[in-house]
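Listed here are the chains, written in short residue letters.
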Amino acid sequence: MVPPLNGPVLIFDSGVGGLSVVRALRERLPDAPLAYACDNAALPYGTKEDGWLVARIVMVCRAAVAASGAEVLVVACNTASTLALDALRAALPVPVVGTVPAIKPAAALTASGVIGLLATSATVCRPYTDRLIEDFATHRTVVRVAGDALVGQAEQLLATGSVNAAVIEAALAPLWRQPELDTVVLGCTHFPLLRDHFRPPRAITWVDSGAAIARRVDQVLGTPHWALTPPAMAWATDAERAGLVAACRTFGFPPPLSLLT
Ligand code: DGL
């Protein structure tokens, strides 16, 4: 008999990007209780120094796992996962599921052989990303584009309902300079939130990691049943940030509690 679970699936990101993964988790695991934690006091992660980030991510995730009593941690952040998965697995008492750019499916999906990797400046040049490309896409051309400005646009969209179309267009422009590019990996969890605001000049296949992460969480949990279903909860390192309550509410979470204070 499989023992019952008590805690939720905890989703972690620097900001609201992990909410794009919440969507995929709810589709695959509609009965799983979810909790959300973000380190928005340190947002954005994508332009910060690696050593500082590893220590920060481990500290925040340790506090969030303890506060939520999570059964499993989903690091719904490519910038954190491509850097700190080993450190998190060594430091935490629960399984850790990471999010890394979906290079493998994109390399299989492209018809032209040219794919774009749109991610933060940190993720586009990480050794982890180099290895993904070496392992799965040496027969493809991979165009790496740092789209840090899009992180702020996704935050703004969820906080206020509006975006700056010119900022989005400028961030995507380097992709469209590649005439044969037909597939784009959204290698930052903030970016799927902006999909309706992307205006590509030709048909593009967009690939994100949401469904693959949900599949992996499903595997890790096995055939779970919860002894008691804990209520949805959320935590943030800057719980007072304007617009955060609205963003959480849109995805079914209550106003976040303060983490680390
Ligand atoms: N959502 C994060 C990711 O997937 C990054 C955002 C940030 O720069 O903090 O990479």
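As a reminder, the structure under discussion sits directly above these lines.
Keep in mind that this is a model prediction, so the values were computed, not measured. For every chain, the first residue of the written sequence is number 1, and numbering continues from 1 along that sequence. Where totals are concerned, whole chains, interfaces and linings use all residues; where local detail is concerned, this predicted model gives features only for residues with pLDDT of at least 70, and gives and counts side-chain atom pairs only at 80 or more. As a rule here, side-chain values come from all non-hydrogen atoms in the structure, and water together with hydrogens is ignored.

## Side note on the overall build of the protein
Next, step 1: For the protein, the helix and strand inventory stands at ten helices and ten strands.
Next, step 2: Here the globule rule reads 2.2 Å times residues to the power 0.38, and the radius of gyration is calculated from C-alpha atoms. Relative to the compact-globule value of 18 Å for 261 residues, the protein shows a C-alpha radius of gyration of 18 Å, a close match.
Next, step 3: Each principal axis of the C-alpha distribution contributes one length, and for the protein these read about 55 × 40 × 35 Å.
Next, step 4: When accessible area is computed with a 1.4 Å probe and restricted to protein chains, residues below 20% of their type maximum are described as buried, those above 50% as exposed, and intermediate ones as partly exposed. Per-residue burial over the protein gives 52% buried out of 261 residues.
Next, step 5: Restricting to contacts in the protein with at least 6 residues of sequence separation, those with at least 24 account for 71%.
Next, step 6: Here the open area of atoms and residues is found with the Shrake-Rupley method and a 1.4 Å probe, where only the protein chains shown may cover a residue. Element-wise, carbon and sulfur atoms account for 54% of the exposed surface of the protein, whose accessible area totals about 11,200 Å².
Next, step 7: Where the 20 positive side-chain charges of the protein centre and where its 21 negative ones centre are 2 Å apart. Only DSSP runs of H or I reaching four residues or more are called helices, and only runs of E reaching two or more are called strands; each is numbered from the N terminus. Every residue pair with non-hydrogen atoms within 4.5 Å of one another is taken to be in contact. In this count, Lys and Arg are taken as positive residues and Asp and Glu as negative ones, while His and the chain termini are left out. Working definition for charges: the position is that of NZ of Lys, CZ of Arg, CG of Asp or CD of Glu.

## A word on unusual backbone geometry
Next, step 1: Put simply, Leu43 and Pro44 share a cis peptide bond, and its omega is 0°.
Next, step 2: Along the chain, Pro44 turns up in the loop between strand E2 (34-38) and helix H2 (50-68).

## Let's talk about the packing of aromatic side chains
Two measures describe an aromatic ring pair: the distance that separates the ring centres and the angle between the ring planes.
Next, step 1: Only rings of Phe, Tyr and Trp enter the pairing, Trp through its six-membered ring, and a pair is recorded when the two centres are within 6.5 Å. The plane angle decides the type: under 30 degrees is stacked, over 60 is edge-to-face, the rest tilted. Applying the stated criterion to the full structure yields four aromatic pairs.
Next, step 2: Ring geometry for Tyr36 and Phe253: centres 5.8 Å apart, planes at 40°, overall tilted. Here Tyr36 is found in strand E2, whereas its partner Phe253 is found in the loop between helix H10 (244-250) and strand E10 (257-258), with 217 residues between them in sequence. Here Tyr36 matches Phe253 in class, with each residue buried.
Next, step 3: Here Trp176 and Trp206 contribute two aromatic rings whose centre-to-centre distance is 6.2 Å and whose plane-to-plane angle is 85°, an arrangement assigned as edge-to-face. Here Trp176, found in helix H8 (residues 165-176), pairs with Trp206, found in strand E8 (residues 205-207); they are 30 residues apart in sequence, far enough to count as distant.
Next, step 4: Given a relative accessible area of 18%, Trp176 falls into the buried group.

## Describing the environment of Leu92
Next, step 1: When you line up the elements, Leu92 lands in the loop between helix H3 (78-91) and strand E4 (96-97).
Next, step 2: Here the alpha-carbon distance between Leu92 and Leu244, two residues 152 residues apart in the chain, equals 27 Å.
Next, step 3: In this structure, Leu92 is in contact with Cys61, Arg62, Val65 and Leu73, ignoring residues within four places of it in sequence.

## Points about the sheet that holds strand E1 (residues 9-13)
Next, step 1: Each pair of strands is called paired provided DSSP finds at least two bridges between the two strands. In space, the six strands of this open sheet follow the order E4-E3-E1-E2-E9-E10, with parallel pairing throughout. Looking at the sheet topology across the chains shown, the edges are occupied by E4 and E10.
Next, step 2: Note that E2 and strand E9 (residues 233-236) share four bridges and pair parallel. Along E9, the bridge assignment pairs Cys38 with Ala236.
Next, step 3: Relative to the sheet, H2 contacts E1, E2, strand E3 (72-75) and E9, its axis offset from that of E1 by approximately 150°. Whenever a helix is involved, its axis is fitted only over the stretch in contact; in every case the axis is a line through C-alpha atoms, and angles between N-to-C directions fall within 0 to 180 degrees.

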